[in-house]
Amino acid sequence: MNDWQRKSPLDWEKYVNKMVKVAAIEKHEYEGWVLTVDPVSASVVLATFLENEKVSISVVLGHAVQEVEILKEGDDEMKQRLSCIFAPEEGKAYSP
Amino acid sequence: RFQALLGEPAAAQGLRAALRERYLRGLGAARGRPARFCLRAGVCVEAVFGAADVGAVAFQVDALRTPLGVQAAALLRCTDVLAYSFLLD
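Since this is a predicted model, take the numbers as computed values, not measurements.

Rules of the game
- Residues numbered from 1 in each chain as written.
- Chains lettered and ligands numbered in written order.
- Predicted model: local features only at pLDDT ≥ 70, side-chain atom pairs only at ≥ 80, totals over all residues.
- Heavy atoms only, no water.
- Helix = DSSP H or I, 4+ residues; strand = E, 2+ residues; numbered from the N terminus.
- Buried < 20%, exposed > 50% of the residue type's maximum accessible area, 1.4 Å probe, protein only.
- Contact = heavy atoms within 4.5 Å.
- Areas by Shrake-Rupley, 256 points an atom, 1.4 Å probe, with all protein chains shown as cover.
- Expected span 1.5 Å × (residues − 1).
- Core = buried A, V, L, I, M, F, W, Y, C linked by side-chain atoms within 4.5 Å.
- Pairing = 2+ DSSP bridges.

Draft legend 1. The overall build of chain A, seen in detail. The helix and strand inventory of chain A stands at three helices and five strands. Reading the secondary structure of chain A in the N-to-C direction produces α-α-β-β-β-β-β-α. Each of the three principal axes of chain A carries a C-alpha extent, and together these read 55 × 30 × 25 Å. A burial count over chain A gives 47% of its 96 residues as buried. Here the contacts in chain A between residues at least 6 apart in sequence split such that 51% fall between residues at least 24 apart. Within the structure as shown, chain A displays about 5,700 Å² of accessible surface, and the carbon and sulfur contribution to it stands at 46%.

Draft legend 2. Quick look at helix H1 (residues 10–30) of chain B. Residues and elements named next belong to chain B. Here H1 spans 30 Å end to end across 21 residues, near enough to the 30 Å set by a 1.5 Å rise per residue. Buried within H1 are the following residues: Ala12, Arg16, Leu19, Arg20, Arg22, Tyr23, Gly26, Leu27, Ala29 and Ala30. Positive backbone phi, at 85 degrees, marks Gly32, one or two positions downstream of H1.

Draft legend 3. Region of the structure containing the nonpolar core. Residues Ile57(A), Ile85(A), Phe37(B), Phe59(B) and Tyr84(B) are the most contacted members of the largest nonpolar core, which totals 33 residues. Filtering out sequence-adjacent residues up to four positions away, Phe59(B) remains in contact with Leu61(A), Phe37(B), Phe49(B), Ala51(B), Ala52(B), Ala74(B), Leu75(B), Leu76(B), Cys78(B), Val81(B) and Tyr84(B). In terms of nonpolar packing, the next biggest core, distinct from the first, is built from 19 residues, Val16(A), Ala42(A), Val44(A) and Leu19(B) among them.

Draft legend 4. Looking closely at the side chain of Arg20(B). Mapped onto the secondary structure, Arg20(B) falls in helix H1. Assessed through its relative accessible area of 16%, Arg20(B) is described here as buried. Setting aside residues no more than four positions away along its own chain, Arg20(B) makes contact with Asp38(A), Pro39(A), Val40(A) and Val54(B).

Draft legend 5. Looking closely at the pairing of strand S3 (residues 44–49) of chain A. Residues and elements named next belong to chain A. Of the strand pairs in this sheet, strand S2 (residues 29–37) and S3 are connected by four bridges, and their pairing is antiparallel. Paired with Thr36 across the two strands is Val45, which belongs to S3. Adjacent in sequence and paired antiparallel, S2 and S3 are bridged by six residues, among which Ala42 carries a positive phi angle near 65 degrees. In sequence, S3 turns back onto strand S4 (residues 55–60) through a hairpin of five residues, with Glu53 there showing a positive phi of about 65 degrees.

Fair warning: the whole summary comes from geometry, so function is off the table for now.
Here you go:
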């Protein structure tokens, strides 16, 4: 278990809604907005917004994470945008 | 893994639940989408994301493209996977 996996939810939560650079093993690097960190595997879920309005999701597995550096804080608009990515679709309204 | 059962403070448990819920919704969003998996030693493979087990042991994928051909269904060990990515519309 590495240092990143040993962190607590209180630590991981500090990275949510922030732009980060994740340094992974074998010299891989990933950048994106942190959507969440899975508390079971410590995997970091990153979102990057592409030009064609698509969103690229990258998941860096917890065992491969070496260091996470915060590059930018997210403003309220970005937090809202990020919260919508995996939000459940609104339930259909049923007529009585 | 089961820290939540070990007398964690309520605030931490609430955060743990919120983080996990978003992660599980992400897995739901990944289901059925083409994904690219980066494995150890610089190997990258493409497959259709299927599911992950509860303890982060393996990913189930479909149509895994390998140098020997396309595997209709396969399990990728999480310890072999460094990262994976997929596109959302």
